[in-house]
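One-letter residues, chain by chain:
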Amino acid sequence: MMMNRQYQLIDRLRSDRLLSAEEIVELLRCLDHEGRDYLFSQAAEVRQQIYGREVYIRGLIEFTNYCRNNCYYCGIRRSNRRLTRYRLTAEEILGCCEQGYRLGMRSFVLQGGEDAANSDSYLTPIIRRIKERYPDCAVTLSIGERSCESYQALFDAGADRYLLRHETANAEHYALLHPPEMSWAHRRRCIEQLKEIGYQVGCGFMVGSPGQTAGCLAEDLLYLRQVEPHMVGIGPFIPQQDTPFAGHPAGSVELTLVLLALIRLLLPDVLLPATTALGTACADGRERGLMAGANVVMPNISPRYARENYRLYDNKLNSGSEAAEGYQELRRRIEGIGYHIAESRGDCRRS
Ligand code: 5AD
């Protein structure tokens, strides 16, 4: 009997680490329940070969929710007046790191909106202080589009990694998600510059955002294959009530898991988080993400008032409890599915 087409495509993706855009679209269309399970097991196997049963952790510090941008999907967009804006002080940021370090974290992500207060002269001393105090830790920035000089200055201050999701590799789709003053080409240039400077770079996109087609997703995957980022962040689109996309349906958890697995096969050694959005869309979303090929989780270590107001989307996972308690719960869940948390910087094992 001829082998079912979906298995052929999955096997070829695993051996060649590549499919054409047409084949990716075909696979997304023909994948059935058994095909998905097969895909997840292949991705878990590849993940296991490279990263074993270890899960890397990053302490996420959402240090400002001021943003000059007006992305149609995002709850911290400039025009959202129904949001209490906040900005952590340098001392508060260092306090988060101290707590994270005590919990065993050796990697911190400073994430925030594009806040005018995030000048180089404000950020560089903070980065330096973190690296001085915790020389065994990696610092990741996720603060949007900046000049090449600024990326260089932050790198020179000690930042190791930079997350800048490309959001969508399709220019028309990009224009549907963002106001006209935002540029798809500029964002891609930023990602190129970050790579050139020497950062470990992360890009990524939302799954199921308004206007996204299977063709868009194929373009996203081929863009990843071309950029070869060290990290890829993806999660389902989740509507936020105070945005223009409030009435749009959320992206599917199943499709997000499929994309995680496809990314693991395309870029076997990539650092792939099971994101907060995935954990928000579904109670065991992050565990299912790990079983579909993800190998990173990013527990939130921001102060409670910050977690409550960093409202990218509705019902964002935010264990009302203290960050430390939320983390212990996450650790139990990870151990519950046979993985364990590594107390390390969690660098990419790229040879
Ligand atoms: N749903 C899911 N993800 C979102 N992001 C922003 N808004 C939403 C939303 N409504 C993602 C974007 C951004 C990252 C910080 O969060 O991809 O890059």
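Preceding this paragraph is the structure being described.
Before going into details, it helps to say that this report is about the structure given with it. (Residues numbered from 1 in each chain as written. Predicted model: local features only at pLDDT ≥ 70, side-chain atom pairs only at ≥ 80, totals over all residues. Heavy atoms only, no water.)

Things to note about the pairing of strand β3 (residues 107-112)
Look at any regular strand and the pattern is simple: side chains alternate between the two faces of the sheet. The condition that has to hold: Using a 1.4 Å probe on the protein chains alone, a residue whose accessible area is under 20% of its type maximum counts as buried, one over 50% counts as exposed, and one in between counts as partly exposed. Runs of E in the DSSP output that reach at least two residues are strands. Runs of H or I that reach at least four are helices, and both are numbered from the N terminus. Any two strands are treated as partners once DSSP identifies two or more bridges connecting them. When the strands point away from the viewer and the path from the first strand over the helix to the second turns clockwise, the crossover is right-handed.
Here β3 lies mainly inside the structure; six of its six residues are buried. Where burial is concerned, the two faces of β3 agree: the one with Ser107, Val109 and Gln111 and the one with Phe108, Leu110 and Gly112 are both buried. Bridge analysis of strand β2 (residues 59-64) against β3 gives five bridges, and the strand direction is parallel. The residue of β3 that forms the bridge with Ile61 is Leu110. Remark: the β2/helix α4 (residues 90-102)/β3 crossover connection has right-handed handedness. Relative to strand β4 (residues 138-142), β3 runs parallel, the two sharing five bridges. Bridge pairing in β4 places Val109 opposite Thr140.

Describing the pattern of salt bridges
How we decide: By convention in these notes, a salt bridge is any Lys or Arg side-chain nitrogen within 4 Å of a carboxyl oxygen on Asp or Glu.
Under the criterion given, the structure shown has 28 salt bridges. Arg102 is paired through a salt bridge with Glu98; the nearest N and O atoms lie 3.8 Å apart. One end of the pair, Arg102, and the other, Glu98, are both in helix α4, four residues apart, so they sit about a helical turn from each other. Residue Arg102 is classed as exposed on the basis of its relative accessible area of 63%. Measuring nitrogen to oxygen at the nearest pair gives 3.7 Å for the salt bridge that ties Glu343 to Arg106. Within this pair, whereas Glu343 is found in the segment after β9 (340-342), its partner Arg106 is found in the loop between α4 and β3, the two being separated by 237 residues in sequence. For Glu343, a relative accessible area of 55% translates into the label exposed. By relative accessible area, which is 12% here, Arg106 ends up buried. Here the residues in one salt-bridge network are Lys131, Asp160, Arg161, Arg345 and Asp347, joined through shared partners.

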